Amino acid sequence: MDALALTRRPLLSAGIGAHPTHSIHQEQAISKGFDAMRPPISAMYAATRIISLTTILSCVLLLGSVAAILADGMRDDIGVSDIGIVLGSKVLPDGQSSARLRARLDRAAELYQRGMFRHIIVSGGFGTEGFSEAARMADYLSMHGKVPRASLILDEHGDTAADTARNAAAIMRSHGYRSALVITQYFHISRSRYALRREGITGVHSAHARYAEARDVYSIARELVALPAYWLHSP
């Protein structure tokens, strides 16, 4: 018995008796390793807060920009001008003006009949349908008896707002005109007016077409990108 007990004692000391303590030390070491790899709580909190604030500020800036575009476009600045300028829009495959384009032309005709201007530049290029937007615009205004054909000036190269502004400015200079009243969709007013002023037309008034559709959501998003691009590329 004594010999057997003596034989077991080293085993208990080196093996079974030492195992629980050894396991605890291992777990503590592993835990300390993970703690060392984990970022400090204060740093994580600061990073989360910065991300949250950045997201909130971005949303506020986005909503503020949308509100500014809408407010500027829907607040008409109608005044007697040397000429009216109507920006083109889609012509349908059958050659008829789209509802959006008709709304612009109807507003221009209304302002013409009120005596806000004596001539109108109808500006638009050739769409994928193969029609001249400017020619169709002139047809719509003259054939419906809204504006005499002699009062219409066609710009068939107004493919963009910048093109319209550049061409209109050249036409105005050739006629000695100094002021213009631009007519387009509400979301397009800010950029169109800015484009004209960039071409040296200081007397710029505006009126928006009374028409809205689901597609306006896309158009507003496009303006959020296009307006800063205009500002960045200003001479």
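Notes on the structure in this doc start here. Quick caveat: nothing in here was measured; it's all calculated off a predicted structure.

### What about the overall build of the protein chain?
- Secondary structure summary: the protein chain contains eight helices and five strands in total.
- Listed by position from the N terminus, the elements making up the protein chain come as α-α-α-β-α-β-α-β-α-β-α-β-α.
- For the protein chain, with 235 residues in total, the buried portion stands at 37%.
- Of the contacts formed within the protein chain by residues at least 6 apart in sequence, a portion of 75% connects residues at least 24 apart.
- Looking at the protein chain as shown, the accessible area adds up to about 13,800 Å², and 63% of this sits on carbon and sulfur atoms.

### Details of the environment of leucine 105
- Looking at where leucine 105 falls in the secondary structure, it is placed in helix 4 (residues 99–113).
- Leucine 105 sits 79 residues away from threonine 184 along the chain, and the two C-alpha atoms are 8.8 Å apart.
- Residues contacting leucine 105, with those up to four places away along its chain left out, are Val86, Ser97, Val122, Met137, Tyr140 and Leu141.

### Focus on the packing of aromatic side chains
- All told, the structure shown has one aromatic pair when counted by the stated rule.
- Geometrically, the ring pair formed by tyrosine 186 and phenylalanine 187 is edge-to-face, given 5.2 Å between the ring centres and 75 degrees between the ring planes. Assigned by exposure class, tyrosine 186 and phenylalanine 187 land together as buried.

### Quick look at the pattern of salt bridges
- A full pass over the atoms with the stated rule returns 13 salt bridges.
- For glutamate 110, the salt bridge goes to arginine 210, with nearest N and O atoms at 2.8 Å. Of this pair, glutamate 110 sits in helix 4 while arginine 210 sits in the loop between strand 5 (203–208) and helix 8 (216–232), and the two are 100 residues apart along the sequence.
- Ionic contacts of the salt-bridge type, sharing partners, join the residues Asp76, Arg107, Glu110, Arg114 and Arg210 into one network.

### Topic: helix 6 (residues 161–175)
- Taking 1.5 Å of rise per residue, the 15 residues of helix 6 would be expected to cover 21 Å, and the 21 Å separating its terminal C-alpha atoms lies within 8% of that figure.
- Within helix 6, the full set of buried residues consists of Ala161, Ala162, Asp163, Thr164, Ala165, Ala168, Ala169, Ile171 and Met172.
- Of the residues flanking the end of helix 6, it is glycine 176, one or two places downstream, whose phi is positive at about 75 degrees.

### Describing a nonpolar patch on the surface
- On the surface, a cluster of nonpolar side chains totalling about 290 Å² of accessible area is made up of Leu53, Ile56 and Val60.
- In this fold, isoleucine 56 is placed in helix 3 (residues 41–74).

Rules behind the numbers
- Residues numbered from 1 in each chain as written.
- Predicted model: local features only at pLDDT ≥ 70, side-chain atom pairs only at ≥ 80, totals over all residues.
- Heavy atoms only, no water.
- Helix = DSSP H or I, 4+ residues; strand = E, 2+ residues; numbered from the N terminus.
- Buried < 20%, exposed > 50% of the residue type's maximum accessible area, 1.4 Å probe, protein only.
- Contact = heavy atoms within 4.5 Å.
- Areas by Shrake-Rupley, 256 points an atom, 1.4 Å probe, with all protein chains shown as cover.
- Phe/Tyr/Trp six-rings, centres within 6.5 Å; stacked < 30°, edge-to-face > 60°.
- Salt bridge = Lys/Arg side-chain N within 4 Å of Asp/Glu carboxyl O.
- Expected span 1.5 Å × (residues − 1).
- Patch = residues over 30% accessible without salt bridge, like charges linked within 9 Å, V, L, I, M, F, W, Y side chains within 5 Å.

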